[in-house]
Amino acid sequence: KNEEADGLYNLVHQYMKQRERVPEPTSSGLLLAWLQFHVRRTATALRKLRARAVEMDNELDQDFQNFDFEDLVEAKDCLLNVLSVAEEQHGTI
């Protein structure tokens, strides 16, 4: 299960580092592309975290005794990282 949490973190980390091309070579085009990229990657990261949270909830309901709570802690840490990125994005706008 720790491998799943590591995989989730790596997936989010890779997605947050992807490069985008600027569709229009103007200042406003660059600003729009920058905003779209950051909003899209943050939203995607949050959707993946939400899906993993649902999986963990189902695992917890099915087998409480063998649930690895470290996965939950790691997912929470990943969510807090994404939240801090979103807050920084908001602060720069």
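In this report, we go over the structure that sits alongside the text.

**Some details on the overall build of the protein chain**
Turning to step 1, where the next piece is worked out: On a plain count of helices and strands, the protein chain comes out with 3 helices and 0 strands.
Turning to step 2, where the next piece is worked out: Reading the protein chain from its N terminus to its C terminus gives the helix and strand order α-α-α.
Turning to step 3, where the next piece is worked out: Sorting the 93 residues of the protein chain into buried and exposed places 25% on the buried side.
Turning to step 4, where the next piece is worked out: Accessible surface, the protein chain: about 6,900 Å² in total, of which carbon and sulfur atoms supply 55%.

**Quick notes on the pattern of salt bridges**
Turning to step 1, where the next piece is worked out: Taken as a whole, this structure holds 3 salt bridges when the rule is applied.
Turning to step 2, where the next piece is worked out: With a closest N to O distance of 3.3 Å, E59 and R52 form a salt bridge.
Turning to step 3, where the next piece is worked out: The shortest N-O distance in the salt bridge between D71 and R52 comes to 3.7 Å. Of this pair, D71 sits in helix α3 (residues 69-92) while R52 sits in helix α2 (residues 27-62); the two residues are 19 residues apart in sequence, bridging distant segments of the chain. For the pair formed by D71 and R52, the shared burial category is buried.
Turning to step 4, where the next piece is worked out: In the salt-bridge network here, residues are joined through shared partners; they are R52, E55, E59 and D71.

**So, a nonpolar patch on the surface**
Turning to step 1, where the next piece is worked out: On the surface, F64, F69 and L72 cluster together into a nonpolar patch covering about 290 Å² of accessible area.
Turning to step 2, where the next piece is worked out: By the element assignment, L72 lies in helix α3.
Turning to step 3, where the next piece is worked out: Note on L72: relative accessible area 40%, which makes it partly exposed.

Reading the values: rules and limits
Residues numbered from 1 in each chain as written. Predicted model: local features only at pLDDT ≥ 70, side-chain atom pairs only at ≥ 80, totals over all residues. Heavy atoms only, no water. Helix = DSSP H or I, 4+ residues; strand = E, 2+ residues; numbered from the N terminus. Buried < 20%, exposed > 50% of the residue type's maximum accessible area, 1.4 Å probe, protein only. Areas by Shrake-Rupley, 256 points an atom, 1.4 Å probe, with all protein chains shown as cover. Salt bridge = Lys/Arg side-chain N within 4 Å of Asp/Glu carboxyl O. Patch = residues over 30% accessible without salt bridge, like charges linked within 9 Å, V, L, I, M, F, W, Y side chains within 5 Å.

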